[in-house]
Every structure is written in structure tokens, then in C-alpha cells.
Amino acid sequence: MDENEELLTFFKALADANRLKIVGLLARQPYSVEQLAALLQVGASTVSHHLTKLSEAGLVMAQAHSYYNYYHLQNEKIQQVARKLLDSTTLPALSAEVDANAFDRKVIANYFLPDGTLKALPSQQKKMRAVLRHLVQRFEMGRKYPEKEVNEMFAQFHEDTASLRREMVGYGFMQREGGGGCYWRIEEKEER
């Protein structure tokens, strides 16, 4: 079972109010199916079903005592999953197969004409960000551009070069010095 499947099984096992109650009860002490059924006021077959789900996730384990099985919480398994979730690489890795640029491509396809010019400037911030991310690629990192050159570059895409300059600076794709004499590209923050 890979990490994603393990986390899915873990969360599915806990995605039920009665299963959460069972985990809470077993955190105190071991119980039999009949005891859990009486405490939760549900049938023994329902408790057995929940215990099967929790067992499949490795959260509980049965231990035979006389004629009964007593279920114990597997604290180590819960701690293992908690450590995994708290690791800074686990959650980002869950989305590794997702195309992070799909939204930008869709916006670019909708807002740019076949000749490469903009139909209009987007009014929604998330769409404006996508357009600006696309346009800022025309600028080299570490190079300063005079305002006139920036205007000439933006004029290839849209007539409102002043708005594009202002938005590039406002959204943090570029910086400018003084009254707008020079512009330069800066590293984009990881905000989409």
C-alpha cells in the first residue's frame, strides 16, 4: 500500500462518528464488541463492521480473552500517521500528479487571441494573476528595463500599458524605482 492509499484508508476509517467514538473509548481501555455496542447503543453487528474498518486501517487490534475478543487501540499507528502528516513533505507530495499550471493555461486560452494579443484585462484577481504570470515571462531576471521599453513590450499585448505596468508591480511580479524610471522582474511568491 503506498502512502496515499494508507492515508486514504486511515481517514476513511475515521470518517464516521461511531468509529471516532470507538477510537475514543479504546483510547481509555480495551473493550469487547458487546461492551462497545452497549456503550454506543447500537447493535453488535454495527460495532463489528466499524471495528473491521478500523482494523483494516491498522488502528485497532483484537486480543482473545476467554470467550471474547477485546479490542485495543494501536497508538503507535496513530502516532506514525500523525508524524507523517506533520512532515513538511507529505502534504505537498499528495498533489504531485496534479498539473499546477492547468488553470493558467485555461485563462490564457480564454483571454488571448490567436495573434497573441489580449481580448481584455481580466477583472478577477486570480485570472489577472494568470495573465501577468504569462506576460512576465517576457522579461529577463536581473535586468532593468526603462519604462519606454516596458510600454513597447506590453503594447504588443494590450493598449493599456499603464494598467499592465501597475498590475505587474501591484501583484508582485515586478518592481520599479523612483517615479517609474526602471522596472525589473522579481521572483514570484508561491501563491497561486
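Quick note: structure is the one above.
Everything in this summary refers to the structure shown in the same document.

Our next topic: the pattern of salt bridges. For the structure shown, the criterion picks out 8 salt bridges. As a salt-bridge pair, aspartate 99 and arginine 105 come within 2.1 Å of each other at their nearest N and O atoms. Aspartate 99 gets classed as partly exposed once you look at its relative accessible area, which sits at 40%. In this structure, arginine 133 engages aspartate 104 in a salt bridge whose closest nitrogen and oxygen atoms are separated by 2.6 Å. In this pair, arginine 133 is assigned in helix α8 (residues 125-136) and aspartate 104 in helix α7 (residues 102-111), connecting sequence segments 29 residues apart. Accessibility assignment for this pair places arginine 133 and aspartate 104 in one class, buried. By sharing partners, the salt bridges in this structure join Glu6, Lys77 and Lys84 into a single network.

Looking now at the nonpolar core. If you look at the biggest cluster of nonpolar residues, it comprises 22 residues, and the most contacted ones within it are Leu135 and Met168. Counting only elements with at least two residues in this core, the list comes to α7, α8, α9 (147-155) and α10 (161-170). Top contributing element to this core by residue count: α8, with 6 residues. Ignoring sequence-local partners within four residues, the contact set of methionine 168 consists of Leu132, Leu135, Val136, Phe154, Phe173 and Met174. Counting residues in hydrophobic clusters, the runner-up holds 21 residues, among them Ile22, Val23, Leu51 and Ala57.

This part covers the sheet that holds strand β6 (residues 182-185). In a beta sheet, neighbouring strands are held together by backbone hydrogen bonds and run either parallel or antiparallel to one another. Strand order in the open sheet formed by 3 strands is β4-β6-β5, and the pairing between neighbours is antiparallel. The open sheet is flanked by β4 (144-146) and β5 (174-177), the only strands paired with a single partner. Each adjacent strand pair in this sheet contributes to an overall mean axis angle of 30°, direction not counted. Two elements, β4 and β6, share 3 bridges in a ladder whose sense is antiparallel. Following the sheet pairing, tyrosine 145 is matched in β6 by tyrosine 183.

Another aspect to go through is a negative patch on the surface. On the surface, Asp2, Glu3, Glu5, Asp87 and Glu97 cluster together into a negatively charged patch. Here glutamate 5 is to be found in helix α1 (residues 3-14).

Before going further, it helps to spend a moment on α10. Residues of α10 that are buried: Thr161, Ser163, Leu164, Arg165 and Met168. Glycine 172 sits one or two positions beyond α10 and adopts a positive phi of about 80°.

A separate point is helix α2 (residues 17-28). A rise of 1.5 Å per residue sets the reference length of α2, with its 12 residues, at 16 Å; its end C-alpha atoms lie 17 Å apart and thus fit the reference within 8%. For α2, the set of buried residues is Asn18, Arg19, Ile22, Val23, Leu25 and Leu26. Projected down its long axis, α2 carries its buried residues within an arc of 165°, all on one side. For α2, exposure combined with an orientation more than 90 degrees from the buried face picks out Ala17, Ala27 and Arg28. Contacts made by the buried residues of α2 are with α1, β1 (31-32), α3 (33-40), α4 (44-56), β2 (60-65) and β3 (68-73). Of the residues flanking the start of α2, the one acting as N-cap is aspartate 16, its side-chain oxygen 2.9 Å from the backbone nitrogen of asparagine 18.

Attention now goes to the side chain of arginine 165. Its place among the elements puts arginine 165 in helix α10. On the basis of relative accessible area, arginine 165 is assigned to the buried category, the value being 13%. Of note is the side chain of arginine 165, whose polar atom sits 3.1 Å from the side chain of tyrosine 183. In contact with arginine 165, other than residues within four places in its own chain, are Glu147, Val150, Asn151, Phe154 and Tyr183.

Moving on: the packing of aromatic side chains. Each aromatic ring pair is specified by the distance between its two centres and by the angle formed by the two planes. In this structure the tally under the stated criterion is 4 aromatic pairs. With a centroid separation of 5.3 Å and an interplanar angle of 80°, the aromatic rings of phenylalanine 10 and phenylalanine 11 are classed as edge-to-face. Overall, the relative accessible area of 44% leaves phenylalanine 11 in the partly exposed class. Ring centres of phenylalanine 112 and phenylalanine 157 lie 6.4 Å apart, and the angle between their planes is 85°; this geometry places the pair in the edge-to-face category. Placement of the pair is phenylalanine 112 in the loop between α7 and α8 and phenylalanine 157 in the loop between α9 and α10, with a sequence separation of 45 residues. Here the two residues phenylalanine 112 and phenylalanine 157 agree in accessibility, since each one is buried. Members of the aromatic cluster, joined through ring pairs, are Phe139, Tyr145 and Phe154. Looking at lysine 144, its charged tip hangs above the ring of tryptophan 184, at a distance of 4.6 Å from the centre.

Parameters at a glance
- Residues numbered from 1 in each chain as written.
- Predicted model: local features only at pLDDT ≥ 70, side-chain atom pairs only at ≥ 80, totals over all residues.
- Heavy atoms only, no water.
- Salt bridge = Lys/Arg side-chain N within 4 Å of Asp/Glu carboxyl O.
- Buried < 20%, exposed > 50% of the residue type's maximum accessible area, 1.4 Å probe, protein only.
- Helix = DSSP H or I, 4+ residues; strand = E, 2+ residues; numbered from the N terminus.
- Core = buried A, V, L, I, M, F, W, Y, C linked by side-chain atoms within 4.5 Å.
- Contact = heavy atoms within 4.5 Å.
- Pairing = 2+ DSSP bridges.
- Axes fitted to C-alpha atoms, helices over the stretch in contact; angles between N-to-C directions.
- Patch = residues over 30% accessible without salt bridge, like charges linked within 9 Å, V, L, I, M, F, W, Y side chains within 5 Å.
- Areas by Shrake-Rupley, 256 points an atom, 1.4 Å probe, with all protein chains shown as cover.
- Lys, Arg positive; Asp, Glu negative; His and termini not counted.
- Charge placed at Lys NZ, Arg CZ, Asp CG, Glu CD.
- Expected span 1.5 Å × (residues − 1).
- Arc of directions from axis to C-beta.
- Polar contact = N/O pair within 3.5 Å; in protein donor to acceptor, adjacent residues only side chain to side chain.
- Phe/Tyr/Trp six-rings, centres within 6.5 Å; stacked < 30°, edge-to-face > 60°.
- Lys NZ or Arg CZ within 6 Å of the ring centre and 35° of its normal.

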